[in-house]
Amino acid sequence: MFDGVRDRAAAIIARYPEPRSALLPLLHLVQHVEGHVSRSGIAFCAEALEITTAEVSAVATFYTMYKREPVGRHLVSVCTNTLCAALGGDDIYAAVRERLDGIGHEETSADGSMTIEHAECLAACDLAPVLTVDYEFFDKQTVDSALEIIDALRRGEKPAPTRGAPLTDFRSVELLLAGFFDDPAVGGLDAVAGPSAAEESLRGARLAEERGWTAPSVPDEGSSS
Ligand code: FES
């Protein structure tokens, strides 16, 4: 299954002084190939990096971005951490589940169009409640707007994220996460271009600039104060 990506695996490994340092991007390459990290994917990484399958498994089962079951065409992550939950994230997650016939965390819709998960803080609290599709942000969601996204994905459409690159699909994004930004398979560098900062996130910096506020200087190394 991985014969077609051995050149890419070698390119990943060549980026690092030690082969084992290449494990994280190599696991993303595995997910690009098979949509999750299977036992054979773990064995592929172990062989390529000359480490044990237990060492690969320890990493693959620690980080939530590595999936042990096949992911659908898209991965929908609904933030249900404190701020998003209080502002409607729990309701959004419940409505998304209901729309998809009651599937649960890390389960896939019957048509294979998407896997859903409830996510911890997605680092966009100033735009809560948020969800991501294939890690691209849809900010300031409501139950209705979230269900519109779900329905569009089920129709095979790719709704435009609020920020970030246009949607592709989960496996293509995994190739990006493996570090192949300019690969023709993901559309080249233009495919990852998109607005990344929201006005809400920049407001504090703009206020500081207007008022002439600056951060305290960093003490010299070795200084006791
Ligand atoms: S709590 Fe949802 S982005 Fe931080």
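As recorded in an unreviewed UniProt entry, the chain goes by NADH-quinone oxidoreductase subunit NuoE and comes from Actinomycetospora flava. The Sequence similarities (unreviewed entry) comment attached to the chain in UniProt states, word for word, "Belongs to the complex I 24 kDa subunit family." Note on the chain: under the UniProt heading Cofactor (unreviewed entry), the record states "[2Fe-2S] cluster".

Enquirer: Break down a nonpolar patch on the surface for me, with residues and values.
Expert: Together, Leu24, Phe62 and Tyr63 make up an exposed nonpolar region whose accessible area comes to about 320 Å². Judged by its relative accessible area of 37%, leucine 24 falls in the partly exposed class.

Enquirer: Any chance you could break down the packing of aromatic side chains for me, citing the residues and the numbers?
Expert: Scanning the model with the defined rule gives 3 aromatic pairs in all. Judged by centre distance (6.4 Å) and plane angle (80 degrees), the rings of tyrosine 63 and tyrosine 66 are edge-to-face. Relative accessible area serves as the criterion here: at 39%, tyrosine 63 is assigned to the partly exposed category. Here tyrosine 66 falls in the buried class, since its relative accessible area comes to 7%. Each member of the aromatic cluster is reached from another via a ring pair, and the members are Phe62, Tyr63 and Tyr66. Residue placement shows arginine 8 over the ring face of phenylalanine 180; its charged tip is 5.8 Å from the ring centre. Arginine 15 extends its terminal NZ or CZ atom over the ring of phenylalanine 180, reaching a point 5.2 Å from the ring centre.

Enquirer: Summarise the nonpolar core; cite the residues concerned and give the values.
Expert: Counting 27 residues, the largest nonpolar core has Leu26, Leu27, Leu29 and Val56 as its most contacted members. Counting only elements with at least two residues in this core, the list comes to helix 1 (6–13), helix 2 (23–34), helix 3 (39–49), helix 4 (53–60) and helix 7 (170–177). Per element, the largest residue contribution to this core is 6 residues, and it comes from helix 2. Dropping the residues within four chain positions of it, leucine 27 is found in contact with Val37, Cys45, Val56, Val59, Ala60 and Tyr66.

Basis of the calculations
Residues numbered from 1 in each chain as written. Predicted model: local features only at pLDDT ≥ 70, side-chain atom pairs only at ≥ 80, totals over all residues. Heavy atoms only, no water. UniProt positions renumbered as here; feature names shortened; annotations may be inferred. Patch = residues over 30% accessible without salt bridge, like charges linked within 9 Å, V, L, I, M, F, W, Y side chains within 5 Å. Areas by Shrake-Rupley, 256 points an atom, 1.4 Å probe, with all protein chains shown as cover. Salt bridge = Lys/Arg side-chain N within 4 Å of Asp/Glu carboxyl O. Buried < 20%, exposed > 50% of the residue type's maximum accessible area, 1.4 Å probe, protein only. Phe/Tyr/Trp six-rings, centres within 6.5 Å; stacked < 30°, edge-to-face > 60°. Lys NZ or Arg CZ within 6 Å of the ring centre and 35° of its normal. Core = buried A, V, L, I, M, F, W, Y, C linked by side-chain atoms within 4.5 Å. Helix = DSSP H or I, 4+ residues; strand = E, 2+ residues; numbered from the N terminus. Contact = heavy atoms within 4.5 Å.

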